[in-house]
Amino acid sequence: MAGNGSGHSRITAGCRLLLLTFLVLSFSCEACKRVILSVPSTLEAETFVGRVNLDECLPSANIIRSSDPHFRIFKDGSVYTTDTIVLSPKKRTFTILLTNTQKREQKNLVVLLDHQKKVLKKRHLRETVLKRAKRRWAPIPCSLMENSLGPFPMLLQQVQSDSAQNYTVYYSIRGPGVDQEPLNLFYIERDTGNLFVTRPVDREKCTSYPLIAYASTPDGYSVDLPLPLEIRVEDENDNAPVFTENIYQFQVLENCASGTTVGQVCATDADEPDTMHTRLKYTIIDQQPPIPRLFAIHPVTGVITTTSSRCDRELMDKYKLTLKVQDMDGQYFGLSTKSTCIITIGDVNDNLPIFTKTSYVTEVEENKSNVEILRLSVEDKDLINTPNWRANYTILKGNEKGNFHIVTDPKTNEGILCVVKGLNYEEARQVVLQIGVMNQAPFSGSGGSRNVLMSTATVTVNVKDQDEGPECKPQVQTVRVKENTALGTQVNGYKAYDPETRSSSGIRYQVLNDLRGLFTIDEASGSIKILRSLDRESSTFRQGSYNVTVRAADNEGRTCTGTLVIIVDDVNDNGPSIPRTRLTICKTQMGSADIVAVDPDEPINGPPFEFTLPSNIERVSDRTWRLSRINDTATRISFRNDPALGTYEIPITVRDRFGLSTTSILNVNLCDCVVPSECLSRTSPVRDGSNVSLGKWAILAIILGAALLSCILFTLVCGATGSSSQAKKTFPDDLAQQNLIVSNTEAPGDDRVYCTNGLTTQNVSTGCPLVTGTKNVQESFEMTKGGHHTSESCRGGGHHTLESCRGGHHTLDSCRGGQVEVDNCRYNYSEWQSFTQPRLGEESIRGHTLIKN
C-alpha cells in the first residue's frame, strides 16, 4: 500500500491539471462535470467502459455524440469501445457532445480514462480485464399470482450476477411497475438483488411486467449487459362469464321441423384464454310456458334449436327462456351468469278461411249495375292483417255472363258481392252463385295445397222485375244489298223488341246518323229505302260497308239505340285498268318493262287478267311490241326489230275473268340510258306503234342537211358549165359526185335556181350558187345515162325544172362542151343510189343527235 504513495501523488497532480482544464472548458463551452472512468491499459473492441449520468448534464438531449470515434455512447450513458484501444501512460480524454435541437442547447461532458492500478478485492492480485460478454447471468423464471393476499412486500426472487464474485455489484431495475405505470409496484435490494412486489396485481389489467435488471460497480461501471426480466401474472378464476346481450330476441316459424336453428347466444370471459377459467358451458334452466318442452341449447356453441315440430302460433305465439353460462366447464364451483331469451313463433298459413254461413239470399232490381248486393264474412285463425289472413274470394259458378264481381274489404276481410252488368228479369228471374275463398298466401298446413278443400258458400240472387223500354238486341244488326240497286228500293232494316212481350209492335224508328244521306227508314217497320246510288268502290263505303245509327222508341218515350250495318255486295261494274301508264326502258340495258293492272271490284270479279295489243290499230300492225304473261295481274312488254329511240304511245287492252275490259294508252320511253332515272329529264320525240314521229327541230335539221348537200352539188355543176365557154376540158372522173341536181319543176318553164337567201334568181348558165326550196321539199335524185335524158323532180315542192345548161333538151356533154359522151359514163343507177343513200342517212342521224343535245 505504501509503495503506491508516489503513484497516488502523481495521479493527484494529473487530476488537478485535468480539473483546471475542465474548469476552463466549462467556462467557455458550458461543459458539465467531468467524469473519470478507471479502465485497464488495453480495451478490446465492443468492450464496456462504463456508464455516465447524462441526465445531470442535459436531460433533454436528443443527439448524443462522441468526439473520439473509438467510443460509442448509448442513451442510458453506457460507453463502449468501437475498436481495440491501448492506453498510453498519459491519461486519455474524450468529450461527449449533448445537443437539444429544439431548444438549441448544447453541452459537453468530458470523460477521463484512468489506468486501474488497485485491486478491488484482495483475493484478486492481478489486473482483471473487463470484456463485454453475451450474458453471464440468467433470469430465474418468475411468476406472480394475481389477487395475492401477501404479506407485502412479498419476495418474488433474487437476481444474481457472476461478476459479484470479482466486484462489488449494485443491482437496479427499470420498466413497468418501477419507473413506469404502475409506479412502485416492484423494487430490488441494491446489495442482495432480492426482488419484491409491494401490492396485489390484476392479470386482466396486465398479463406480465417486462423489467430490465442492471448490475454495476459502485462507481457506475456496468459489469454485465442489461438483463430482461419478465414477471408473468398467473391467472385466477376471478371473472364470471358475461352474455353479450341482456335479452336475446329470436323468431322461428310455426310447424317447423325438429332441429331447426332458432338462434345463437354468446358469452365472454375476461380470464386467461384456453384455460378452465374460460371454458364455458351453456344451459337452459327455465322455459315459460314450461309445456311442451320445445327448445334445446348446445352446451359449447350456444346454438338454440327446436326439439319438436309442435310449435303452433295459434296456441302460443311467444316463449321465454332463462339461460345460464358457467366457466370451469360447468362444474359446480365455476362462476356463472344468467340471461333471458325471447322466442317469437312466426305465423304460416296453416289455417284456411271458413265462411261463417254456407248459404246467403239477396235480391236486386233488373238492369241495375255497379251496386253492392251482399257481404260475406269468414273466420281465419292466422295472424291478422297478413297475407296468411287476408281472403281472396272467387265466383266459382253462376257468373258465366259476367254480371257479378266480388272483392275483399281490406279492413274487415269480408267479401263484397256487386252487380257490374244489369240482369234481365225476362231472361233469368233468379241466379244462384257458388263462391269460394282462399288466402292470399299459399296454404302450408298438413296435407299440402293439393289436397286442400276450399271453403264455399251459395248465394241466391233474386231479380226484381221492372217495366222496361224497348231493347235493341243485338245492338249491331246487318243487312246486305247489291251495289247499283235501283233508287227507291226498300230492304230490311233494324228491329227492336219489347222485353215484356218480345214483340216489335208499337215501336217507332228514327235515323240518328246517316253521314251521306243514302237511306231513309220506315218509322213503323224499321226497313230502309235507298235514296242515292250505291257504288261500292267509292270512298263512302269502308270495306264495302256503311253504318247508320238508329233509335227505337216505345209509346211511353223510352228509347234504345242501335247500329245498322249495310253491307254492299259487289257486282262486276269496273274493268281492270293500268294505273301506271308511263314507263321507261333503257334500250341497251333493259329489254322489257312490267305492267300491272288493278280492278276495284272484288277478287271474284277481277283477276286473272288478259293483256292484249289491239290488232286493228294501224300503229301496232308491224308488231314492234309484244306482251308476255307474268302472273294473273301483270304482264311484261318488250320490243323487237330494233326500234328507234323515243317515246311510243301503245294501246293495251285488259280484260277481267268475265270479259269486262278497258283500253289504256301506255307511254313507253325507249331511252339510251343505264337506269331509267337518267331519262326523266330528257325529252324524246313521240312515236306511234309503227312510224317514227319527228319533232320540228328534227325535221328542220334534216332539211338543212339535204339543202347543204344539194348546194354543194349545184355549185360543182354550175361551176363546170360556166367554165366551158372559155376552155374545153375533159369529163371528170367524179361524175357521180357532180351530177346530183335538185329539181323543183312541176311544169316546163324557165331554168332558174333560187338563192339561199330567197331574194334573187339567176339562170344556170350564169353560174349562181345553189338554191333549194324553203319548205316541204321532197327531193329526188337521178343519174342521167343518155344524151337526151333530163333530171325530173317528184311532184310537190318547187315548180322549176333544170332541163339543160342552155335551156334545151341537150345532153350533159353539150352542156359541158366537152369531148366525152354521156354514153361512155361508167356509173349506172344502182351504183349512184348506193353512193347517195348512206350520206342521206348520215344527215338524218345528225338531225337526231341535234335533237338529243
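Data block above holds the structure.
Criteria and cut-off values
- Residues numbered from 1 in each chain as written.
- Predicted model: local features only at pLDDT ≥ 70, side-chain atom pairs only at ≥ 80, totals over all residues.
- Heavy atoms only, no water.
- Salt bridge = Lys/Arg side-chain N within 4 Å of Asp/Glu carboxyl O.
- Helix = DSSP H or I, 4+ residues; strand = E, 2+ residues; numbered from the N terminus.
- Buried < 20%, exposed > 50% of the residue type's maximum accessible area, 1.4 Å probe, protein only.
- Core = buried A, V, L, I, M, F, W, Y, C linked by side-chain atoms within 4.5 Å.
- Contact = heavy atoms within 4.5 Å.
- Patch = residues over 30% accessible without salt bridge, like charges linked within 9 Å, V, L, I, M, F, W, Y side chains within 5 Å.
- Areas by Shrake-Rupley, 256 points an atom, 1.4 Å probe, with all protein chains shown as cover.
- Disulfide = S-S within 2.5 Å.

K.L.:
Is there a simple way to think about the pattern of salt bridges in this case?
P.N.:
Taken as a whole and assessed by the stated rule, the structure comprises 20 salt bridges. Of the charged contacts, one joins Asp68 and Arg92 as a salt bridge, the two residues approaching to 2.9 Å between their closest N and O atoms. You can see Asp68 sitting in the loop between strand S4 (63-66) and strand S5 (71-73) and its partner Arg92 sitting in strand S8 (residues 92-100), a full 24 residues away along the chain. The exposure class of Asp68 is buried, given its relative accessible area of 10%. Classification of Arg92 as partly exposed rests on a relative accessible area of 24%. Between Glu234 and Arg232 there is a salt bridge, with its nearest N and O atoms 2.4 Å apart. Overall, the relative accessible area of 38% leaves Arg232 in the partly exposed class. Among the charged side chains, a salt-bridge network with shared partners connects Glu372, Arg375, Asp409 and Glu414.

K.L.:
How should the nonpolar core be read in this particular structure?
P.N.:
A general feature of soluble globular proteins is that nonpolar side chains tend to end up buried together. Core analysis: the largest hydrophobic core is formed by 29 residues, its most contacted members being Leu144, Leu156, Ile173, Phe186, Leu195 and Ile231. Mapped by element, the contributors of at least two residues to this core are strand S10 (142-145), strand S11 (154-158), strand S12 (170-174), strand S13 (186-188), strand S14 (194-197), strand S15 (208-216) and strand S16 (227-234). Not counting chain neighbours up to four residues away, the residues in contact with Ile231 comprise Cys142, Leu144, Leu156, Phe186, Leu195, Ser208, Tyr209 and Leu211.

K.L.:
Which parts of the structure should I look at to understand a nonpolar patch on the surface?
P.N.:
Residues Leu708, Ile712 and Leu716 make up a contiguous nonpolar surface patch of roughly 270 Å² in combined accessible area. Relative to the helices and strands, Leu708 is located in helix H2 (residues 696-724). What makes Leu708 exposed here is its relative accessible area of 53%.

K.L.:
Just to check I follow, could you spell out the state of the cysteines for this structure?
P.N.:
By definition, a disulfide is the covalent link that joins the sulfur atoms of two cysteine residues. Counted by the stated rule, this structure contains 4 disulfides. A disulfide bridge connects Cys472 with Cys560, and the sulfur atoms are separated by 2.0 Å. Between Cys472 and Cys560 the sulfur-sulfur dihedral comes to about 75°; the bridge is accordingly right-handed. A residue pair is termed long-range when its members are at least 10 positions apart, and Cys472 in the loop between strand S34 (455-464) and strand S35 (476-482) and Cys560 in strand S41 (residues 559-569) qualify at 88 residues. Through a disulfide, Cys586 is tied to Cys673; the S-S separation comes to 2.0 Å.

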